[in-house]
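Below are the chains, spelled out letter by letter.
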Amino acid sequence: MSSTGAIAPANEEAVRAWDTVLYDRWKQFRGVFVEALADITDEVFTRFPPSEGGRCIDVGCGFGDTTRRMAQLTGPDGFALGTDSSPRFIADAVREAEEAGAWNVAFEVADAQTAAWTSTFDYAFSRMGTQFFAAPVPAMRAVRGALVPGGRLVKVCWRRKHESPMWAETAEVVERFLSRPAEYEADTCGPGPFSLGNPDTCRGILEAAGFTDVDLHARDFPYRMGRDLDEAIDAILAVGPAAELVRLNGEHGEAARPAIADALAEHLADWTQPDGSVVGRASVWFVTAVSPSSAAA
Ligand SMILES: C[S@@+](CC[C@H](N)C(=O)[O-])C[C@H]1O[C@@H](n2cnc3c(N)ncnc32)[C@H](O)[C@@H]1O
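Treat the numbers as computed from the prediction; the structure is a model and nothing was measured.

Moving on: the site of the ligand. In the region of the ligand, 18 residues are neighbours, and Gly-60, Asp-84, Asp-111, Ala-112 and Arg-127 sit closest. Gly-60 is positioned with one of its backbone polar atoms (N or O) 2.7 Å from a nitrogen atom of the ligand. Note that a nitrogen atom of the ligand is positioned 3.3 Å from one of the backbone N or O atoms of Ser-85. For the ligand, whose accessible area on its own is 600 Å², the fraction buried by protein is 98%. In a pocket analysis with a 2 Å cut-off to the grid points, the ligand is assigned to the largest cavity. For the shell around the ligand, a count of residues per class yields 9 nonpolar, 6 polar and 3 charged.

Now for the packing of helix 10 (residues 229-236) against helix 12 (residues 250-268). The interhelical angle for the contact between helix 10 and helix 12, taken along N-to-C directions, is 120 degrees, at an axis separation of 10 Å. If you check the angle between helix 10 and helix 12, you find them oblique. The hand of the helix 10/helix 12 crossing is right-handed. Taking contact as the criterion, the partners of Leu-229, Ala-232, Ile-233 and Ile-236 in helix 10 are, on helix 12, Ala-261, Leu-264, Ala-265 and Leu-268.

Extensive coverage of strand 8 (residues 278-290) is indicated by the burial of 10 of its 13 residues. Pairing between strand 6 (residues 147-158) and strand 8: 7 bridges, direction antiparallel. Of the residues in strand 8, the one forming a bridge with Val-154 is Thr-288. Of the strand pairs in this sheet, strand 7 (residues 212-226) and strand 8 are connected by 12 bridges, and their pairing is antiparallel.

Here the focus is the layout of surface pockets. Picture a little ball the size of a water molecule; that probe, rolled over the atoms, points out where space is still empty. In this structure, the largest pocket encloses a volume near 500 Å³. At the level of elements, helix 2 (21-28), helix 8 (165-175) and helix 11 (241-248) are the ones that each hand at least two residues to the lining of the largest pocket. A total of 5 residues in the lining of the largest pocket trace back to one element, the largest contributor, which is helix 11. A per-class count over the lining of the largest pocket returns 20 nonpolar, 5 polar and 6 charged.

Enumeration according to the criterion identifies 17 salt bridges in this entry. Residue Arg-47 is joined to Glu-43 by a salt bridge in which the shortest nitrogen-to-oxygen separation is 3.1 Å. Of this pair, Arg-47 and Glu-43 both sit in helix 4 (residues 38-47), 4 residues apart, roughly one helical turn. Glu-231 serves as the salt-bridge partner of Arg-227, at 2.7 Å between the closest nitrogen and oxygen. Salt bridges sharing partners connect three or more residues here, namely Lys-27, Asp-92, Arg-95 and Glu-99.

Right, let's talk about helix 12 for a bit. The largest bend in helix 12 amounts to roughly 45 degrees and is located at Arg-257, with the proline Pro-258 lying one to four residues further along. When helix 12 is considered as a whole, its buried residues turn out to be Gly-253, Ala-256, Ile-260, Ala-263, Leu-264 and Leu-268. Of the surrounding secondary structure, the elements contacted by the buried residues of helix 12 are helix 8, strand 7, helix 10, helix 11 and strand 8.

We now examine the nonpolar core. Among the nonpolar cores identified, the biggest contains 65 residues, and Trp-158, Tyr-223, Met-225 and Leu-237 are the most heavily contacted of them. The residues touching Met-225, leaving out its near neighbours within four places in the chain, are Val-32, Met-166, Thr-170, Glu-231, Ala-232, Ala-235, Ile-236, Leu-268, Trp-271, Val-278, Val-279 and Gly-280. Ranked by size, the runner-up nonpolar core spans 29 residues in total, among them Trp-117, Ile-205, Leu-206 and Ala-289.

We now examine unusual backbone geometry. The phi torsion at Met-128 lies on the positive side, around 60 degrees, for a residue other than glycine. If you trace the backbone, Met-128 turns up in the loop between strand 5 (121-127) and helix 7 (136-146). Judged by relative accessible area, which is 11%, Met-128 ranks as buried.

Attention now moves to the packing of aromatic side chains. Scanning the model with the defined rule gives 15 aromatic pairs in all. Members of the aromatic cluster, connected to one another through ring pairs, are Trp-18, Tyr-23, Trp-26, Phe-29, Phe-33, Phe-63, Phe-89 and Phe-132. The positively charged end of Arg-55 is found above the aromatic ring belonging to Phe-121, 5.1 Å away from the centroid. The aromatic ring of Trp-285 is capped on one face by Arg-159, whose charged end is 4.4 Å from the ring centroid.

Calculation rules
Residues numbered from 1 in each chain as written. Predicted model: local features only at pLDDT ≥ 70, side-chain atom pairs only at ≥ 80, totals over all residues. Heavy atoms only, no water. Near = heavy atom within 4 Å. Polar contact = N/O pair within 3.5 Å; in protein donor to acceptor, adjacent residues only side chain to side chain. Areas by Shrake-Rupley, 256 points an atom, 1.4 Å probe, with all protein chains shown as cover. 1 Å grid on protein atoms, 1.4 Å probe; cavity = no way out; pocket = protein on both sides within 12 Å on 5 of 7 lines; lining within 4 Å. Sits in = over half its atoms within 2 Å of the grid points. Nonpolar A, V, L, I, M, F, W, Y, C, P; charged D, E, K, R; others polar. Axes fitted to C-alpha atoms, helices over the stretch in contact; angles between N-to-C directions. Helix = DSSP H or I, 4+ residues; strand = E, 2+ residues; numbered from the N terminus. Parallel < 35°, antiparallel > 145°, perpendicular 65-115°, else oblique. Left-handed = near helix turned anticlockwise from the far one by under 90°. Contact = heavy atoms within 4.5 Å. Buried < 20%, exposed > 50% of the residue type's maximum accessible area, 1.4 Å probe, protein only. Pairing = 2+ DSSP bridges. Points joined across faces, edges and corners; volume = space filled by probe spheres on them. Salt bridge = Lys/Arg side-chain N within 4 Å of Asp/Glu carboxyl O. Bend = angle between axes of the 7 residues up to and from the residue. Core = buried A, V, L, I, M, F, W, Y, C linked by side-chain atoms within 4.5 Å. Phe/Tyr/Trp six-rings, centres within 6.5 Å; stacked < 30°, edge-to-face > 60°. Lys NZ or Arg CZ within 6 Å of the ring centre and 35° of its normal.

Purely geometric numbers; function is a separate question.
Here is the structure:
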């Protein structure tokens, strides 16, 4: 595992959160989160695939699932680099790639906002890894800098919260019990999962970073929140807007958890499937863009 650059001071709190409490929760509920995104991940790589023999970079790669996938898709002459600001995510990604015998992948710890990648990749990808930068334009400029002229960016990010009822409605349930504290001690994940939900914001950041041909494709999909009601409630109170409200309220949030869980169980009953699993509606952007031949550095 290599490490490049420093963490931008404005990202320190978020990077710490991603390497501690959020890492723990993602690891615990990885089966839910990664499985829930499996179909749209297949779809995005089918619609906008990396080229055979290509060089790919995966930004905010987490456990490296999509990095390994790109390494497979590009074939024996291809290569994929997974990058993430969290040493713990990257340590797992390295170990899992070794265990899988994936030889055309590498991983590095890097804050995208301070990274100084050179133009050696023809495909930059991110699944839910670009919403958390304090300064998204420099970060996306660094991603563009990693691309050769004509290289393509493909990324997946959440649309606005209200466009995903599984996030919005569950957060509303929690808001019946808790409000966002004016002052709180806990680190937050950064600007947040929905920071690119507004299409003008999402497009504007990429254009300011020097990308052209920016296209946003809305994709609504069924999100499997858990194999059963208990898992769905635990997962929704682990990561996302409902979970953050509980976490930021500290002891008060923990004390409210049983009543919140009961209210969520009532709300999610309508979303429970014949096999017991809980499926909500969610919505993402598939974002594509190009690093032009004549972009200013
Ligand atoms: C929602 S997770 C997505 C992980 C992975 N892409 C996936 O789909 O499973 C967001 C990831 O972004 C990473 N991240 C947050 N801030 C970052 C930054 N400034 N630079 C690089 N990665 C960052 C986190 O450590 C985390 O692994």
